[in-house]
Amino acid sequence: ESFDIALVYYNRLADPDDYPYLNSKATMKYAEEYYYQGELNTEEAKENCEFNTNTQAGLPDKPICNPSLNSMAAALNPKDGSEGNYFYFVYDEDSGSHRFAESRSGYQSILNELGLAE
């Protein structure tokens, strides 16, 4: 699934008008747990954090964890968009895998199916 996830980020980076932010929850989870180790204790600190891809455009300027070889290979060569032009993904705990969507409405449908509606 790393190649599909990489495609999502490539697609978002390539379309800054519709996707000015990557909106990755993983970057903040990493920042809170490992980089800042609980020091991001106010909403202002979280909003201004360089790992907050909901408020900061593009990729963070620091590494996000220690990626596997598979993740690095995916980042260098994401899945071909002809197999699915994904812009969204959600982790499905029941199946232990990610589900992908090409549109916001598809993403919302997945969230609804999984009981995770925003």
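These figures come from a predicted structure and were not determined experimentally.

Trainee: How should the pairing of strand E1 (residues 88–92) be read in this particular structure?
Mentor: Side chains on a regular strand alternate between the two faces of the sheet. Of the two faces of E1, only the one carrying Tyr-88, Val-90 and Asp-92 is buried; Phe-89 and Tyr-91 on the other face are not. Sheet analysis places E1 next to strand E2 (residues 97–101), joined by 5 bridges and oriented antiparallel. Along E2, the bridge assignment pairs Tyr-91 with His-98. The hairpin turn running from E1 into E2, its antiparallel successor, is 4 residues long, and Gly-96 in that turn takes a positive phi close to 75°.

Trainee: Would you explain the environment of Ile-64 in this entry?
Mentor: Along the chain, Ile-64 turns up in the loop between helix H3 (43–48) and helix H4 (69–76). Since its relative accessible area comes to 29%, Ile-64 is described here as partly exposed. Along the chain, Ile-64 and Tyr-34 lie 30 residues apart, while their C-alpha atoms are 9.6 Å from each other. For Ile-64, the contacting residues outside a window of four places in its chain are Thr-27, Tyr-30 and Phe-51.

Trainee: Looking at this structure, how should I read the packing of aromatic side chains?
Mentor: Working definition: an aromatic ring pair is given by the centre-to-centre distance plus the angle between the planes. Evaluation of the coordinates by the stated rule reveals 10 aromatic pairs. Here Tyr-35 and Tyr-36 contribute two aromatic rings whose centre-to-centre distance is 5.0 Å and whose plane-to-plane angle is 75°, an arrangement assigned as edge-to-face. Feature note: the residues Tyr-30, Tyr-34, Tyr-35, Tyr-36 and Phe-51 constitute an aromatic cluster, connected by ring pairs. Its end group placed over the ring of Tyr-88, Arg-12 keeps NZ or CZ at 5.2 Å from the ring centre.

Trainee: Could you clarify how one ought to interpret the confidence of the model for the protein chain in this entry?
Mentor: Low pLDDT marks stretches whose predicted atomic positions should not be read closely. Within the protein chain, residue pLDDT values average 91, and 99% of them lie at 70 or more. Within the protein chain, the element-level pLDDT minimum falls on helix H2 (residues 25–35), averaging 88, and the maximum on E2, averaging 96.

About the criteria used
Residues numbered from 1 in each chain as written. Predicted model: local features only at pLDDT ≥ 70, side-chain atom pairs only at ≥ 80, totals over all residues. Heavy atoms only, no water. Buried < 20%, exposed > 50% of the residue type's maximum accessible area, 1.4 Å probe, protein only. Helix = DSSP H or I, 4+ residues; strand = E, 2+ residues; numbered from the N terminus. Pairing = 2+ DSSP bridges. Contact = heavy atoms within 4.5 Å. Phe/Tyr/Trp six-rings, centres within 6.5 Å; stacked < 30°, edge-to-face > 60°. Lys NZ or Arg CZ within 6 Å of the ring centre and 35° of its normal. pLDDT = per-residue confidence, 0-100.

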